[in-house]
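Single-letter residue listing:
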Amino acid sequence: MTALTSITRTYTFCAAHRLHTDQLPDDVNQHIFGKCNNPNGHGHNYTVQVTIQGALNVTTGLVTDVETLDQIVHEHVVARFDHQHLNFDQAFQGLTTTGENLARLIWELLVDRIPSGQLENIRVVETRDNFFDYVGDPKP
Ligand SMILES: [Zn+2]
């Protein structure tokens, strides 16, 4: 059995959203999502924690190429969502902009792009009291 180590990197972006689904009537949306359903939306300072697991490179002592990982996350996640309204993002058409769905989307955006090691977990911290973890299928 190979020993596995993990590294977690933290990234931040600011974005707006409104929790709402067209598949439910307005009063039900209001009941489920409360003030997060307000039509004008609201913003969060999101923190995303990306955890990579892998065998430790004995020469470098590293699990993954952190500089490359940073570039990938900035290009595909931070640049895409920072100072945007998540409800207008193409990936959220027909999908509520919950932390759960955002964590899943970020997994899908990154899973095939990890320089070395495997994506192990995506954590989206939305507020002081809310965070969401997503573990999807590993890279085939
Ligand atoms: Zn919110």
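Here the structure is a predicted model, which is why all the values come from computation and not from measurement.

I'd love a proper account of the overall build of the protein, names of residues and values included.
If you tally the helices and strands in the protein, you get three helices and five strands. In the protein, the order of α-helices and β-strands from amino to carboxyl end is β-α-β-α-β-α-β-β. By its C-alpha atoms, the protein is 60 × 30 × 25 Å across when sized along the principal axes. Counting over 140 residues, the protein shows a buried share of 20%. Long-range pairs, those at least 24 residues apart, make up 73% of the contacts in the protein between residues at least 6 apart in sequence.

Lay out the pairing of strand E1 (residues 5-17) with the relevant residues and their values.
Judged from the 13 bridges that link them, E1 and strand E2 (residues 42-54) form a sheet pairing that is antiparallel. Note that in E2 the partner of Ala16 across the bridge is Gly43.

Please set out the pairing of E2 residue by residue, giving values where relevant.
Where E2 lies against strand E4 (residues 118-125), seven bridges are found, and the strand directions are antiparallel. In the sheet register, Val50 faces E4, and the bridge partner there is Ile122.

Residues and numbers for the nonpolar core, please.
Most often, soluble globular proteins have nonpolar side chains that are buried together. Formed by 20 residues in total, the largest nonpolar core has its most connected members in Val48, Ile106 and Val124. Sorting the residues of this core by element identifies E2, helix H2 (66-81), helix H3 (99-110) and E4 as the ones contributing at least two each. With five residues, the single largest contributor to this core is H3. Excluding anything up to four places from it in sequence, Val124 contacts Tyr46, Val48, Gly99, Leu102, Ala103, Ile106, Phe131 and Phe132.

Mind laying out unusual backbone geometry, listing which residues take part and the relevant values?
Phi is positive for His83, close to 60°, though the residue is something other than glycine. Looking at where His83 falls in the secondary structure, it is placed in the loop between H2 and strand E3 (84-85). Residue class for His83 comes out exposed when judged on the 9 C-beta atoms lying within 10 Å of it.

Give me the packing of H2 against H3: which residues, what numbers.
Two numbers describe how H2 lies on H3: the axes approach to 10 Å, and their chain directions differ by 130°. It follows that H2 is oblique to H3 by the angle criterion. The handedness of the crossing between H2 and H3 comes out as right-handed. Where H2 abuts H3, its residues Ile72, Val73, His76 and Val77 lie against Ile106, Leu109 and Leu110. Among the residues making up the contact of H2 with H3, the classes are represented as six nonpolar, one polar and no charged.

Before we move on, can you summarise H3 with the specific residues and values?
The first and last C-alpha atoms of H3 sit 16 Å apart over twelve residues, in line with the 16 Å expected at 1.5 Å per residue. Residues of H3 that are buried include every one of Gly99, Leu102, Ala103, Leu105, Ile106 and Leu110, and no others. Take H3 and look down its axis: the buried residues cluster within an arc of 165°, on one side only. In this structure, the buried residues of H3 make contact with E2, H2, E4 and strand E5 (131-134).

I'd like a description of the environment of Glu108, backed by residues and values.
By the element assignment, Glu108 lies in helix H3. For Glu108, a count of 14 C-beta atoms within 10 Å corresponds to the partly exposed category. Through-space distance from the C-alpha of Glu108 to that of Asp137 is 9.1 Å; in sequence the pair is 29 residues apart.

What counts, and at which threshold
- Residues numbered from 1 in each chain as written.
- Predicted model: local features only at pLDDT ≥ 70, side-chain atom pairs only at ≥ 80, totals over all residues.
- Helix = DSSP H or I, 4+ residues; strand = E, 2+ residues; numbered from the N terminus.
- Buried ≥ 20, exposed ≤ 12 C-beta atoms within 10 Å, placed from the backbone.
- Contact = placed C-beta atoms within 7 Å.
- Pairing = 2+ DSSP bridges.
- Core = buried A, V, L, I, M, F, W, Y, C linked by C-beta atoms within 7 Å.
- Axes fitted to C-alpha atoms, helices over the stretch in contact; angles between N-to-C directions.
- Parallel < 35°, antiparallel > 145°, perpendicular 65-115°, else oblique.
- Left-handed = near helix turned anticlockwise from the far one by under 90°.
- Nonpolar A, V, L, I, M, F, W, Y, C, P; charged D, E, K, R; others polar.
- Expected span 1.5 Å × (residues − 1).
- Arc of directions from axis to C-beta.

These values are about where atoms sit, not about what they do.
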